[in-house]
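# Summary of the model geometry
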Amino acid sequence: MPKYSICIPTYNRSELLINAAESALNQEYEDYEVLIVDNHSDENHQTVIENYLSQTTISNLTYIKNSSNLGMMGNWNKCISFAKGQYVSILSDDDLLAPNFLRNIDSVVNKHPKCSCFVKKEEYEISKPLPDLRKGECHN
């Protein structure tokens, strides 16, 4: 089981998705998976994605296509349900990750192991983690 899952929900934006996937796959960290969940895109999108996938031999990349469109939040939930990692990061298909994203997140997770949610405050600056409200924790 990987420590992190980078989940990329997508719908009909194949060129953007490929850039997002490349940024997710080029991390300076090894214990992770990349999961692309396609929200029932059209055939052109699927063809572009299948061509991309056929050219890669990366073992930590999984592509799933929904049998129907679940809506944005439904697709996010599907991403999370398929994620195998202990921690999940949702990456929009039109966003990119810096190569050090997981390495930086991992250092924060290791410093604050009781927290369950982490938020990035500004670009390239990782903020103080949020408390685990389920455990009654509170950090100022």
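Scoring rules and cut-offs
- Residues numbered from 1 in each chain as written.
- Predicted model: local features only at pLDDT ≥ 70, side-chain atom pairs only at ≥ 80, totals over all residues.
- Heavy atoms only, no water.
- 1 Å grid on protein atoms, 1.4 Å probe; cavity = no way out; pocket = protein on both sides within 12 Å on 5 of 7 lines; lining within 4 Å.
- Points joined across faces, edges and corners; volume = space filled by probe spheres on them.
- Helix = DSSP H or I, 4+ residues; strand = E, 2+ residues; numbered from the N terminus.
- Nonpolar A, V, L, I, M, F, W, Y, C, P; charged D, E, K, R; others polar.
- Pairing = 2+ DSSP bridges.
- Axes fitted to C-alpha atoms, helices over the stretch in contact; angles between N-to-C directions.
- Contact = heavy atoms within 4.5 Å.
- Polar contact = N/O pair within 3.5 Å; in protein donor to acceptor, adjacent residues only side chain to side chain.
- Phe/Tyr/Trp six-rings, centres within 6.5 Å; stacked < 30°, edge-to-face > 60°.
- Buried < 20%, exposed > 50% of the residue type's maximum accessible area, 1.4 Å probe, protein only.

Turning our attention to the layout of surface pockets. Within this model, the second largest pocket holds a volume of roughly 160 Å³. For the second largest pocket, the lining is made up of 13 residues, of which P9, T10, M72, W76 and D93 are closest to its centre. At the level of secondary structure, the elements contributing two or more residues to the lining of the second largest pocket comprise strand 1 (4-10) and helix 3 (71-82). Per-element tally for the lining of the second largest pocket: the top contributor is helix 3, with four residues. Residues that form the lining of the second largest pocket fall into these classes: six nonpolar, five polar and two charged.

The strand order across the open sheet built from four strands is 3-2-1-4, with neighbouring strands paired in parallel fashion. Two strands lie at the open edges of the sheet, namely strand 3 (61-65) and strand 4 (87-90), each paired on one side alone. Neighbour-to-neighbour, the strand axes of this sheet turn through a mean angle of 20 degrees, independent of strand direction. Where strand 1 lies against strand 4, four bridges are found, and the strand directions are parallel. Looking at strand 4, one finds that S5 is bridged to V88. Across the sheet, helix 4 (residues 101-111) is in contact with strand 1, strand 2 (32-38) and strand 4; its angle to strand 1 comes to roughly 130 degrees.

Tracing the chain through its elements places D93 in the loop between strand 4 and helix 4. For D93, the side chain forms a polar contact with the side chain of T10, separated by 2.8 Å. With near-sequence residues (within four places) excluded, D93 lies in contact with I8, P9, T10, Y11, R13, L16, L17 and A20.

Our next topic: the packing of aromatic side chains. Tallied over the full model, the rule gives two aromatic pairs. Ring centres of Y4 and Y29 lie 5.5 Å apart, and the angle between their planes is 75 degrees; this geometry places the pair in the edge-to-face category. Highlighted residues: Y4 in strand 1 and Y29 in the loop between helix 1 (14-25) and strand 2, separated in sequence by 25 residues. A residue is classified by how much of its surface remains accessible, and Y4, at 3% relative accessible area, is buried. Taken together, Y4, Y29 and Y87 form an aromatic cluster joined through their ring pairs.

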